[in-house]
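Structure at a glance
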Amino acid sequence: MDIDYNVLFDIIENGFYYKNTDLGILATISTANGKEDVSISNSKYISIIASRYRKRCGNVISAAPIKNCIRSFQGDIVGQCKIVKNPNRLIKTPDNELWIDAGNKADAYYAISEKGFSLKLKAYKYFYKHSEKNNIPLPDWDNGDVGKIFKYCRIPENMRNIFVAYIVSLFIADIEHPCLVLTGEQGSGKSTMSTFIKALVDPVGDNSPSLFPHNPADLALAFQNNYLMAFDNQRTLSEKQSDMLCAIITRIKDIRRKLFTDNEMMRYDLCQPIILNGIYDVVKEPDMLSRSIVMNILKPTDKDNFAYDKVVLTEEFMNDRAVILGGIFRILSEALKNYRPNSISRQGCDIRMSSFYDYGYYL
């Protein structure tokens with residue numbers, strides 16, 4: 001059976017959107033849940049090419065000639081396209097706009113500038129798409145109220161301004177974000193708060209906090225599909241764990257060999273926000289403490305009139321996300337209008353995360 005290589009190359013070259021990224025060359029495919037980025041060596045990608053070839057030519061083709069054509073096309077991309085960062089959820093553009101991937105079937109993203117808020121399409125051109133990514137609802141700009149978050153996050157009164165600055169800053173890409181450390185006795189709602197923050201900022205299939213991985217490679221891999229990570233039930237960070245988190249919070253560039261290859265390398269460039277929670281003093285190392293915001297969450301009492309039913313509380317929170325996001329995006333727009341880098345006095349202090357310090361002031 002003769003193979004029509006002209007048709008095969010046409011399907012490969014013109015049937016997908018490609019990105020040359022730190023994770024290798026990715027093709028954007030369409031699935032029942034929306035867009036997804038896969039490696040061009042991935043079986044999903046190869047099977048889609050085979051299916052399209054069968055529909056156009058009327059016969060079945062094996063994987064071998066497809067892989068040969070992919071290798072040839074891969075050479076063109078490597079030679080012509082520079083490697084780009086493929087962010088998971090957020091982008092800060094050169095003209096100071098903030099883009100947030102909505103993660104929905106419409107493939108929309110939200111753009112925030114000093115002029116306001118807008119919705120744009122074709123997010124796959126700018127963001128890493130994966131099957132676990134869930135949607136951020138359309139913000140309710142007109143009725144936005146960030147204060148509603150305190151119905152679900154029981155933050156002490158004297159820490160609320162800092163907490164709002166932290167939450168809003170999570171939507172600003174390419175700056176260092178301090179680690180949010182939630183401490184308190186069992187039943188104070190630390191894990192629930194972590195879940196709500198994750199569902200608000202970077203929702204995925206399961207927004208519950210994870211256990212802290214022991215292997216640095218596993219930690220880096222977790223951030224491939226997550227912008228924000230929350231880790232649960234930490235007692236006390238070991239020196240090694242503390243060093244790992246410090247590096248990720250204020251940027252680490254890590255190069256590792258790809259699985260199942262002899263010589264191809266994968267490069268991680270991480271500068272990610274992290275939430276920790278635990279009953280005890282989780283963070284003790286001075287280096288990590290200087291990168292953290294520590295909040296002690298008190299267990300609710302009958303006088304607090306706080307909903308104990310987590311299922312009901314979660315449902316109400318998911319319904320209120322649009323209003324909370326509307327308030328967050330309004331604050332972001334105002335902050336962008338007034339923000340001036342390095343304009344806030346340091347008062348002789350050594351500020352560990354200067355970008356967050358400056359943005360936090362304007363937020």
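Provided above is the structure to which this section pertains.
Cut-off values and rules
The residue numbering used here restarts from 1 in each chain and proceeds along that chain's sequence as written. Owing to the predicted nature of the model, reporting of local features is limited to residues with pLDDT of at least 70; listing and counting of side-chain atom pairs is limited to 80 or more, with chain, interface and lining totals taken over all residues. Side-chain descriptors were evaluated using all non-hydrogen atoms of the structure, hydrogens and water having been removed beforehand. The salt bridge criterion pairs a side-chain nitrogen of Lys or Arg with a carboxyl oxygen of Asp or Glu, the two atoms within 4 Å. A run of H or I in DSSP becomes a helix once it reaches four residues, and a run of E becomes a strand once it reaches two; helices and strands are each numbered from the N terminus. Only protein chains enter the accessibility calculation, which uses a 1.4 Å probe; a residue whose area is less than 20% of its type maximum is buried, one above 50% is exposed, and one in between is partly exposed. Strand pairing is assigned whenever DSSP detects at least two bridges linking the two strands. Between N-to-C directions, angles cover 0 to 180 degrees, with each direction set by a line fitted to C-alpha atoms, over the stretch in contact for helices. Every residue pair with non-hydrogen atoms within 4.5 Å of one another is taken to be in contact. Cysteine sulfurs are considered disulfide-paired once they come within 2.5 Å of each other.

1. Focus: the pattern of salt bridges
If you walk through the whole model with that rule in mind, you get 14 salt bridges. Here Glu97 and Lys120 are joined by a salt bridge, their closest N and O atoms 3.8 Å apart. Taken together, the residues span a long stretch of sequence, with Glu97 in the loop between strand 4 (90-92) and strand 5 (98-101) and Lys120 in strand 7 (residues 116-121) at a distance of 23 residues. Since its relative accessible area comes to 18%, Glu97 is described here as buried. Classification of Lys120 as partly exposed rests on a relative accessible area of 29%.

2. Structural notes on the environment of Asn135
Examined against the element boundaries, Asn135 turns out to sit in the loop between strand 7 and helix 4 (160-169). Distance from Asn135 to Val201, taken between C-alpha atoms, is 9.9 Å for residues 66 residues apart in sequence.

3. Regarding the pairing of strand 7
The pairing of strand 6 (residues 108-113) with strand 7 spans 6 bridges and is classified as antiparallel. Its bridge partner being in strand 7, Ala108 is matched across the sheet by Leu121. Taking the residues between adjacent antiparallel strands as the criterion, strand 6 and strand 7 are bridged by 2 residues.

4. As for the sheet that holds strand 7
With respect to topology, 4 strands assemble into an open sheet ordered 4-5-6-7, the strand pairing being antiparallel. The open sheet has two free edges, formed respectively by strand 4 and strand 7, since each of these has just one partner strand. On average, adjacent strands in this sheet sit at an angle of 20 degrees to one another, irrespective of strand direction. Pairing geometry for strand 4 and strand 5, over 3 bridges, is antiparallel. Note on strand 5: the bridge partner recorded for Ile91 is Trp99. In the packing of helix 9 (residues 310-338) onto the sheet, the strands contacted are strand 5, strand 6 and strand 7, and the crossing angle to strand 6 comes to about 45 degrees.

5. Here's the deal with the state of the cysteines
Using the criterion set out here, one finds 0 disulfides in the structure. Note on Cys246: no disulfide assigned, nearest cysteine sulfur contributed by Cys179 at a separation of 9.1 Å. Among the residues examined, Cys246 registers a relative accessible area of 4% and is labelled buried.

6. A short note on the environment of Gln241
Mapped onto the elements of the fold, Gln241 is located in helix 7 (residues 239-249). Sequence-wise, Gln241 and Leu289 are 48 residues apart; in three dimensions their C-alpha atoms are separated by 13 Å.

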